Amino acid sequence: QVDNKGKAEFKRLIGIPTSDILTGVKLNEFRDQNVDLIKSLAATQLDDVRTILDEAEKGAWRVEVLRAQILDTFGGTKARASLIARDQVLKLNGQLVETRQTGAGITQYVWTTSHDERVRGTPGGKNPNGLHYDLDGTIQSWAVPPEISEDGRTGHPGADYQCRCTAFPILPELDED
């Protein structure tokens, strides 16, 4: 569902369809990378998460369904299951956006936040740590990920945990007069 929505949005913005082969090949790779970031589960449980995410992809599950499945499988709190489900979907979305844009030859994007108090680094906001607020509206290169955290981590929109930022593609040929 994330992939299909992203394809439709990309086609709407750019005016060209994306290759299913390009993103299809990357989905398993992204899933493995993202699952490996979950530190609260044992190694054997990570394989179970991969299986759940594979089923979620095939069934086009919503985040709420994914959360319920994670909760049923591993127990724990609803909040923790929600965090894992949301984070996995946000990371996958960010990775697919990058794959589509770079695959179409787009080299730069405008970093765009959700423009609310939950954006990292928002003055007086709920999450003062991070540089996402400062990155909003800046032009970034897919080749050089910007610094996204005060501890020096770098990444593109969606790479940070629970990151809801997006990459709006820059199409220089449309700006020509």
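## A word on the overall build of the chain
At step 1: What the chain contains, in helices and strands, is seven helices and three strands.
At step 2: Listing each helix as α and each strand as β along the chain from the N terminus yields α-α-α-α-α-β-α-β-β-α.
At step 3: Counting across all 177 residues of the chain, residues that qualify as buried make up 36%.
At step 4: Within the chain, counting contacts between residues at least 6 apart in sequence, those at least 24 apart form 57% of the total.

## Examining the confidence of the model for the chain
At step 1: Mean pLDDT over the chain works out to 78, with 72% of the residues at or above the 70 mark.
At step 2: Looking over the chain, one finds the lowest element-wise mean pLDDT in helix 1 (residues 2-14), namely 58, and the highest in strand 2 (residues 139-141), namely 97.

## Observations concerning the nonpolar core
At step 1: Core analysis: the biggest nonpolar cluster contains 10 residues, these being Ile106, Tyr109, Trp111, Leu135, Trp142, Ile148, Cys163, Cys165, Ala167 and Leu171.
At step 2: Beyond its immediate chain neighbours, meaning those up to four positions away, Trp142 contacts Val97, Glu98, Gln101, Thr102, Ile106, Thr107, Gln108, Tyr109, His156 and Ala167.
At step 3: By size, the runner-up hydrophobic cluster in this structure holds nine residues, among which are Val49, Ile52, Leu66 and Ala85.

## Regarding the packing of helix 4 (residues 63-74) against helix 5 (residues 78-103)
At step 1: One way to put it is that helix 4 packs onto helix 5 with a least axis distance of 8 Å and a crossing angle of 130°. As judged from the angle between their axes, helix 4 and helix 5 are oblique. Handedness of the crossing formed by helix 4 with helix 5: right-handed. Residue-level inspection shows Val63, Leu66, Arg67, Ile70 and Leu71 of helix 4 in contact with helix 5, the latter providing Lys78, Ala81, Ser82, Ile84, Ala85, Arg86 and Val89.
At step 2: Tallied by class, residues from the contact of helix 4 with helix 5 come to eight nonpolar, one polar and three charged.

## As for helix 4
At step 1: Taking 1.5 Å of rise per residue, 12 residues should cover 16 Å, and helix 4 covers 16 Å from first to last C-alpha, within 8% of that figure.
At step 2: Immediately downstream of helix 4, the backbone of Gly75 shows phi near 75°, a positive value.

## Structural notes on the pairing of strand 1 (residues 108-112)
At step 1: The side-chain alternation of strand 1 yields one buried face, formed by Tyr109 and Trp111, and one unburied face, formed by Gln108, Val110 and Thr112.
At step 2: Here three bridges tie strand 1 to strand 2, and the two strands are oriented antiparallel to one another. In the strand pairing of strand 2, Gln108 is matched with Ser141.
At step 3: Direction of pairing for strand 1 relative to strand 3 (residues 166-169): antiparallel, over a ladder of four bridges. Bridging from a neighbouring strand, Trp111 pairs with Ala167 of strand 3.

## Describing the sheet that holds strand 1
At step 1: Here three strands make up an open sheet; going across it, the order is 2-1-3 and the pairing antiparallel. Strands at the two margins of the open sheet, each flanked by one partner only, are strand 2 and strand 3. Within the sheet, the average angular offset between the axes of one strand and its neighbour, ignoring direction, is 45°.
At step 2: Here helix 5 sits on the sheet and contacts strand 1 and strand 3; the angle it forms with strand 3, its principal contact strand, is near 20°.

## Let's talk about helix 5
At step 1: Between its first and last C-alpha atoms helix 5 spans 37 Å; for 26 residues at 1.5 Å apiece the expected length is 38 Å, and the two agree.
At step 2: Backbone geometry just downstream of helix 5 places Gly105 in the positive-phi region, at approximately 90°.

## What about unusual backbone geometry?
At step 1: Although it is not a glycine, His115 sits at a positive phi angle of roughly 55°.
At step 2: Residue position: His115 is located in the loop between strand 1 and helix 6 (132-135).
At step 3: Of note, Gln162 is a non-glycine position whose phi angle comes to about 55°, a positive value.
At step 4: When you line up the elements, Gln162 lands in the loop between strand 2 and strand 3.
At step 5: A residue is classified by how much of its surface remains accessible, and Gln162, at 18% relative accessible area, is buried.

Rules and cut-offs
Sequence order as written defines residue numbering, which begins from 1 separately in each chain. Totals for whole chains, interfaces and linings use every residue, but because this is a predicted model, local features are given only for residues with pLDDT of at least 70 and side-chain atom pairs only at 80 or more, for both listing and counting. With hydrogens and water set aside, each side-chain value is computed from the structure's full complement of heavy atoms. Counting from the N terminus, the helices are the DSSP runs of H or I reaching at least four residues and the strands are the DSSP runs of E reaching at least two. Three exposure classes are used, based on accessible area relative to the maximum for each residue type with a 1.4 Å probe and protein chains only: buried under 20%, partly exposed in between, and exposed over 50%. A contact between two residues is defined here by any heavy atoms of the two lying within 4.5 Å. Per-residue confidence from the predictor is reported as pLDDT, a score between 0 and 100. Grouping buried Ala, Val, Leu, Ile, Met, Phe, Trp, Tyr and Cys residues that are joined through side-chain atoms within 4.5 Å yields what is termed a nonpolar core. Under this scheme, a helix contributes an axis fitted over its contacting stretch, all axes are lines through C-alpha atoms, and angles between N-to-C directions fall in the 0 to 180 degree range. To sort the angles, those under 35 degrees are grouped as roughly parallel, those over 145 as roughly antiparallel, those from 65 to 115 as roughly perpendicular, and the leftovers as oblique. Handedness of each helix crossing follows the sense of rotation of the near helix against the far helix: counterclockwise by less than a right angle gives left-handed, clockwise gives right-handed. Charged means Asp, Glu, Lys or Arg here, nonpolar means Ala, Val, Leu, Ile, Met, Phe, Trp, Tyr, Cys or Pro, and polar covers whatever is left, Gly included. Between the first and last residue of a helix there are one fewer steps than residues, each counted as 1.5 Å, and that sum is the expected span. Paired strands, as defined in this entry, are two strands with at least two bridges between them according to DSSP.

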